[in-house]
Amino acid sequence: MQQGEYSRWKLRTPMEGRFQIIILQIAIVAVGFLPVVKLAIKQEEKELSSKEIEDILRDDYIIPDVIYKVPKHRLKVHFEEDGDIYHINYGNVLTPRQARHQPKVQWPVEKDAEYTLLCISPDQPDREEPILRDWIHWQQVNIKGCNLSTGNEVNEYIGPGPSEVSGMHRYVFLVYKQDPNFAIQLNRSDKSEGMRMLTKRMEFDTDNFIKHFHLGDPWASNYFYSKFNNYQ
């Protein structure tokens, strides 16, 4: 082995080793003082009057395609993606990627009341010919207040997945206050036709579901648009 090669492999002196340890300790302390990165709000929640909300629901045909009456309350929904927050605001546009994870939701509650939460798309496979309407993106029942951990999740959240040629799709979040005298019991492992009709994702009959469980008029709602892009 040549002298130059030996100098590359020889052990460092004790002084060099101590110097490296000191530098490492300084770096660790410095990291502790770095600022905490907070989520950035990319789409803020907008305040709207009841009349403005009703006009928007009718202009975008949420009434009557999905519901028939204006809900009593606003359903607050926001997604978190890549360190950013995206609120939905009665018809704003989100990309499939921005809405791919289960969102945070909140609505006004009454003491001891239980609620049903739905997220549906009425535009399957597209808005022009929605022959597969409705498609369930999220279905949860028996929620105490708006604490999702207390409810029974029938269909877990699945984000938007519109095809390249299907244009804009509407994704509608609905909350219903449950009748305290009428229990909701759903079990996807029950393969009977009656249970399948109440728990399937494709061609879900929202009207039938609401009538079957005496849910009445919607308690709260909100919705957004999404369409295919190359970065889904």
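Owing to the predicted nature of the structure, the values given are computational and were not obtained by experimental measurement. (Residues numbered from 1 in each chain as written. Predicted model: local features only at pLDDT ≥ 70, side-chain atom pairs only at ≥ 80, totals over all residues. Heavy atoms only, no water.)

### Description of the pattern of salt bridges
- Inspection of the entire model under this criterion finds 15 salt bridges.
- Across the pair Glu 45 and Lys 76 runs a salt bridge, and its minimum N-O distance is 4.0 Å. One end of the pair, Glu 45, is in the loop between strand E1 (40-43) and helix H3 (50-59); the other, Lys 76, is in strand E3 (residues 76-81), and 31 residues separate them in sequence.
- Through salt bridges with shared partners, one network takes in Asp 65, Asp 123, Arg 133 and Arg 170. (Salt bridge = Lys/Arg side-chain N within 4 Å of Asp/Glu carboxyl O. Helix = DSSP H or I, 4+ residues; strand = E, 2+ residues; numbered from the N terminus.)

### Side note on the sheet that holds strand E6 (residues 104-106)
- Taken in spatial order, the four strands make up an open sheet running E1-E4-E3-E6, and their pairing is mixed. Each edge of the open sheet carries a strand with a single partner, namely E1 and E6. Direction aside, neighbouring strands of the sheet carry axes that sit 25° apart on average.
- Alignment of E3 against E6, held across three bridges, turns out to be antiparallel. Bridge pairing in E6 links Val 77 to Val 105. (Pairing = 2+ DSSP bridges. Axes fitted to C-alpha atoms, helices over the stretch in contact; angles between N-to-C directions.)

### Quick look at the environment of His 73
- By the element assignment, His 73 lies in strand E2 (residues 73-74).
- We classify His 73 as partly exposed; its relative accessible area is 28%.
- Once the C-alpha coordinates of His 73 and Asn 222 are considered, the two residues, 149 residues apart in sequence, prove to be 9.4 Å apart.
- Those residues in contact with His 73 that lie beyond four places of it in its chain are Tyr 90, Pro 108, Trp 219, Ala 220 and Ser 221. (Buried < 20%, exposed > 50% of the residue type's maximum accessible area, 1.4 Å probe, protein only. Contact = heavy atoms within 4.5 Å.)

### Remarks on the packing of aromatic side chains
- Taken as a whole and judged by the stated rule, the model has 14 aromatic pairs.
- Both rings, one in Phe 79 and one in Tyr 157, keep their centres 6.1 Å apart while their planes meet at 50°; by these two values the pair is tilted. On the criterion of sequence distance, the pair formed by Phe 79 in strand E3 and Tyr 157 in the loop between strand E9 (152-155) and strand E10 (169-177) is long-range, its members being 78 residues apart.
- By relative accessible area, which is 9% here, Tyr 157 ends up buried.
- Relative to Phe 224, the ring of Tyr 171 lies with its centre 5.2 Å away and its plane at 20°, an arrangement referred to as stacked. (Phe/Tyr/Trp six-rings, centres within 6.5 Å; stacked < 30°, edge-to-face > 60°.)

### What to know about the confidence of the model for the protein
- Taken over all residues, the pLDDT of the protein has a mean of 85, while the share at 70 or more is 82%.
- Low pLDDT (under 50) marks residues 1-14, which in the prediction has two contacts with non-local residues, meaning those over four places away or in another chain.
- Here residues 26-37 scores under 50 on pLDDT; set against residues more than four positions off or in separate chains, the count is zero contacts. (pLDDT = per-residue confidence, 0-100.)

### Some remarks on unusual backbone geometry
- Cis geometry marks the peptide bond from Ile 63 to Pro 64; its omega dihedral reads 15°.
- Position of Pro 64 relative to the elements: it lies in helix H4 (residues 62-65).
- Of note in this structure, His 214 is not a glycine but carries a positive phi near 55°.
- Position of His 214 relative to the elements: it lies in the loop between helix H6 (206-212) and strand E11 (220-226).

### Thoughts on the side chain of His 78
- On the secondary structure map, His 78 appears in strand E3.
- The buried category is assigned to His 78, whose relative accessible area is 18%.
- Side-chain polar atoms of His 78 contact the side chain of Glu 80, separated by 3.3 Å.
- In this view, His 78 contacts Ile 85, Tyr 86, His 87, Pro 103 and Lys 104; residues no more than four positions away in its chain are not counted. (Polar contact = N/O pair within 3.5 Å; in protein donor to acceptor, adjacent residues only side chain to side chain.)

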